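Next come the chains, spelled out residue by residue.
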Amino acid sequence: MAGHGPAAATLTIDLGALVDNWRRLAGRVRPAGCAAVVKADAYGLGAEPVVRALLKAGCREFFVALVEEGVRLRQQLGAAWPTDARIHILHGPLPGAEADCVAHGLVPVLGSLDQIERWQAQARAVGRRLPAALQGDTGMARLGLSPEELARLDQAPERLDGLDLSWVMSHLVSAEEPDNPVNARQLAAFTALRRRWPQAGGCLANSSGIFLGPAYHFELVRPGAALYGVAPVAHAANPMRPVVQVQARLIQCRSVQIGRAHV
């Protein structure tokens, strides 16, 4: 993308490097699967071309934040969307958006009892089982079922009747710091969470979580920032290829004497 005028900047996006980053991460976690987080218009780089490139490379699991993002992607790709690929909605559906999820084949990540109840009601309304993922809060306190909500779900497992669980998920707090003891505590909490629904795959590791080792990989990892070239581990060499380059023309060069100040 380029601006206008002699001093305009140019932003270059290297989709080949992005795909190479995904392949590197996918190779690192095998036999686990490797998804791609493409929320916020693929971190501002353009979700449609990013998803097309990743689909061609073999990625089949995608995560966006909002239902509108998933609907837009399905409409943009149209008949080019593979039947074995899925888009998951990290925030789950807001009230009233459940029908859009069904119409466009989106998989909501359910993070509250209210979302579960509304998605179950949608399953009854359409007369068939609907896919879903469950997210539990293991320490981030951002999204996901709280321990209290999980206990209520344990007491009434029929709340999940009519739903086909693809993944049980959570989010790491400090994965970019490998020595942070919070990581091990979250791993233990997530392992216990996943035992509740052994039929579903586990999905815990974000970009940085991938580099904590195989114990964190479970059946699926979901990198976001690392795909786009962001360093996944603090104070360590970046193993990812740069994806974005910004270039601009110089408009002026000056020599300034050391110690000289302008008032």
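Residues numbered from 1 in each chain as written. Predicted model: local features only at pLDDT ≥ 70, side-chain atom pairs only at ≥ 80, totals over all residues. Heavy atoms only, no water.

J.: Residues and numbers for empty space enclosed by the protein, please.
T.: This model, assessed by the stated rule, comprises one cavity of 30 Å³ or more. Looking at the largest cavity, its volume works out to about 30 Å³. Contributing to the lining of the largest cavity are A65, L66, V67, E68, H91, G92 and L94. Classifying every residue of the lining of the largest cavity by side-chain character gives four nonpolar, two polar and one charged. (1 Å grid on protein atoms, 1.4 Å probe; cavity = no way out; pocket = protein on both sides within 12 Å on 5 of 7 lines; lining within 4 Å. Points joined across faces, edges and corners; volume = space filled by probe spheres on them. Nonpolar A, V, L, I, M, F, W, Y, C, P; charged D, E, K, R; others polar.)

J.: Let's hear about the packing of aromatic side chains: which residues, and what values?
T.: For the structure shown, the criterion picks out three aromatic pairs. Taking the centre distance of 6.0 Å and the plane angle of 55° together, the rings of F62 and W81 count as tilted. Here F62, found in strand β4 (residues 61-64), pairs with W81, found in the loop between α4 (67-77) and β5 (86-89); they are 19 residues apart in sequence, far enough to count as distant. Each member of the pair, F62 together with W81, is buried. (Phe/Tyr/Trp six-rings, centres within 6.5 Å; stacked < 30°, edge-to-face > 60°. Helix = DSSP H or I, 4+ residues; strand = E, 2+ residues; numbered from the N terminus. Buried < 20%, exposed > 50% of the residue type's maximum accessible area, 1.4 Å probe, protein only.)

J.: Go over the nonpolar core, please, and point to the residues and values.
T.: One finds V38, L54, F62, I116, L134 and W197 to be the most contacted residues of the largest nonpolar core, which totals 71 residues. Apart from the residues lying within four places of it in its own chain, the contact partners of L134 are L110, I116, L145, L153, L160, L165, W167, V168, M169 and W197. Within the second largest apolar cluster, ten residues are counted, among which are V37, L90, V109 and W167. (Core = buried A, V, L, I, M, F, W, Y, C linked by side-chain atoms within 4.5 Å. Contact = heavy atoms within 4.5 Å.)

J.: Break down the side chain of N180 for me, with residues and values.
T.: Mapped onto the elements of the fold, N180 is located in the loop between β8 (163-169) and α8 (182-195). In this structure N180 comes out as buried when scored by relative accessible area, which is 17%. In terms of polar contacts, N180 uses its side chain to reach the backbone amide nitrogen of V182, at 3.0 Å. (Polar contact = N/O pair within 3.5 Å; in protein donor to acceptor, adjacent residues only side chain to side chain.)

J.: Please give an account of unusual backbone geometry that cites residues and values.
T.: That bond from R30 to P31 is cis: its omega, 10°, falls within 30 degrees of zero. With respect to the secondary-structure elements, P31 resides in the loop between α1 (15-29) and β2 (33-34). Positive phi values are uncommon outside glycine, yet A42 reaches one of about 55°. For A42, the location among the structural elements is in helix α2 (residues 39-43). The class for A42 is buried, based on a relative accessible area of 0%. Phi at Y43 takes a positive value of approximately 55°, unusual for a residue other than glycine. By the secondary structure assignment, Y43 is in helix α2.

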